[in-house]
Amino acid sequence: MSDPAAALPEGERRRSFRIGVWNSALYMGGEGLVDANTVVPVFLAGLGTPNWLIGCSAALPDFGWFLPQFATVPLLSRRARSIGLYRLAAVLRGLSFAVLAALIVPLAAHPAALLAVFLACYGVYSFSGGLAAVPFMEVVGRTVPQARLGAFWAQRLFWGGITTVLAGLLVRRLLHGGTEAPRFALLFGLATLLVTAGYALFSAVREPELPPTPERTGPLGMLREGARLLARDAHFRRLLAARGPLSAWFAAAPFIPLFAV
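Scope of this entry: the structure provided in the associated data block. In this text, all values refer to a predicted model and were calculated from it rather than measured experimentally. (Residues numbered from 1 in each chain as written. Predicted model: local features only at pLDDT ≥ 70, side-chain atom pairs only at ≥ 80, totals over all residues. Heavy atoms only, no water.)

### Details of the pattern of salt bridges
Next up, step 1: Tallying each qualifying case throughout the model produces eight salt bridges.
Next up, step 2: A salt bridge links Glu 10 to Arg 13; the nearest nitrogen and oxygen atoms lie 2.4 Å apart. In this pair, Glu 10 and Arg 13 are both assigned in helix α1 (residues 10-33), three residues apart and thus about one turn of the helix distant.
Next up, step 3: You can call Arg 13 buried: its relative accessible area is 18%.
Next up, step 4: Between Arg 142 and Glu 207 there is a salt bridge, with the nearest N and O atoms lying 3.1 Å from each other. Placement of the pair is Arg 142 in helix α6 (residues 111-143) and Glu 207 in the loop between α8 (181-203) and α9 (219-232), with a sequence separation of 65 residues. For the pair Arg 142 and Glu 207, a shared accessibility class is recorded, and that class is buried. (Salt bridge = Lys/Arg side-chain N within 4 Å of Asp/Glu carboxyl O. Helix = DSSP H or I, 4+ residues; strand = E, 2+ residues; numbered from the N terminus. Buried < 20%, exposed > 50% of the residue type's maximum accessible area, 1.4 Å probe, protein only.)

In structure tokens:
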């Protein structure tokens with residue numbers, strides 16, 4: 001398999017590598033401020049949200065991450081570049097968090113309205129993540145050499161993990177005195193700044209053009225292909241069997257912080 005990044009100048013490869021690592025540090029730090037399994041459940045519980053809806057909200061980021069990829073794969077296979085769709089998704093994600101942060105305090109006296117706004121904004125944020133997923137991976141594959149991918153993902157997780165810990169310490173300090181609406185508005189506002197900075201940074205990657213290789217099957221065809229793969233590939237079946245209980249855990253995880261609180 002050819003390595004598209006190998007044709008890039010060394011300076012360009014290093015630039016893309018650094019941008020990708022900083023993108024992770026900023027993005028994971030922002031996500032840590034409003035974590036789906038810790039901060040969001042406490043916020044929703046304060047609005048009197050039913051438990052089943054709290055569990056669904058915790059699962060929404062994963063659901064939104066995977067589902068749109070069925071549509072984006074055939075779409076991007078017809079394009080020479082993918083970064084445009086990533087930039088669109090970045091704008092949608094940043095705006096959804098900004099709107100939510102701006103409306104938390106004004107709607108604090110109206111829990112039902114605030115819950116509706118949260119679900120709408122968080123839904124847009126989650127599904128926009130799914131729009132960005134495939135173009136992000138495509139850009140990484142075109143700009144980071146295959147021999148450096150292990151170091152790339154390791155550094156993303158390392159520095160992203162550090163900023164997530166720092167975000168957790170800030171959340172602890174900010175919510176220690178209470179869970180009033182202005183505190184959550186501040187958390188979502190800071191998260192907006194960090195994740196938007198991460199998106200803007202990665203949007204500056206200079207993706208090289210490659211000849212399109214149109215996907216012959218649409219979203220339904222990809223589902224049928226997945227079903228056939230499930231029938232004949234034991235490794236794929238084991239992966240699916242492992243992810244099933246893991247998904248159930250993700251749905252249950254938000255109630256642990258609520259119990260602790």
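### Remarks on the environment of Val 140
Next up, step 1: Examined against the element boundaries, Val 140 turns out to sit in helix α6.
Next up, step 2: The exposure class of Val 140 is buried, given its relative accessible area of 3%.
Next up, step 3: Put simply, Val 140 and Leu 53 are 87 residues apart on the chain and 35 Å apart in space, counted from C-alpha to C-alpha.

### Looking at the packing of aromatic side chains
Next up, step 1: On inspection of all chains with the given rule, the structure shows 16 aromatic pairs.
Next up, step 2: Pairing Tyr 122 with Tyr 125 gives two aromatic rings, centres 6.4 Å apart and planes at 10 degrees, and the pair type is stacked. You can see Tyr 122 and its partner Tyr 125 sitting in helix α6, three residues apart, about one turn around the helix.
Next up, step 3: Taking relative accessible area as the criterion, Tyr 122 reaches 4% and is therefore assigned buried. (Phe/Tyr/Trp six-rings, centres within 6.5 Å; stacked < 30°, edge-to-face > 60°.)

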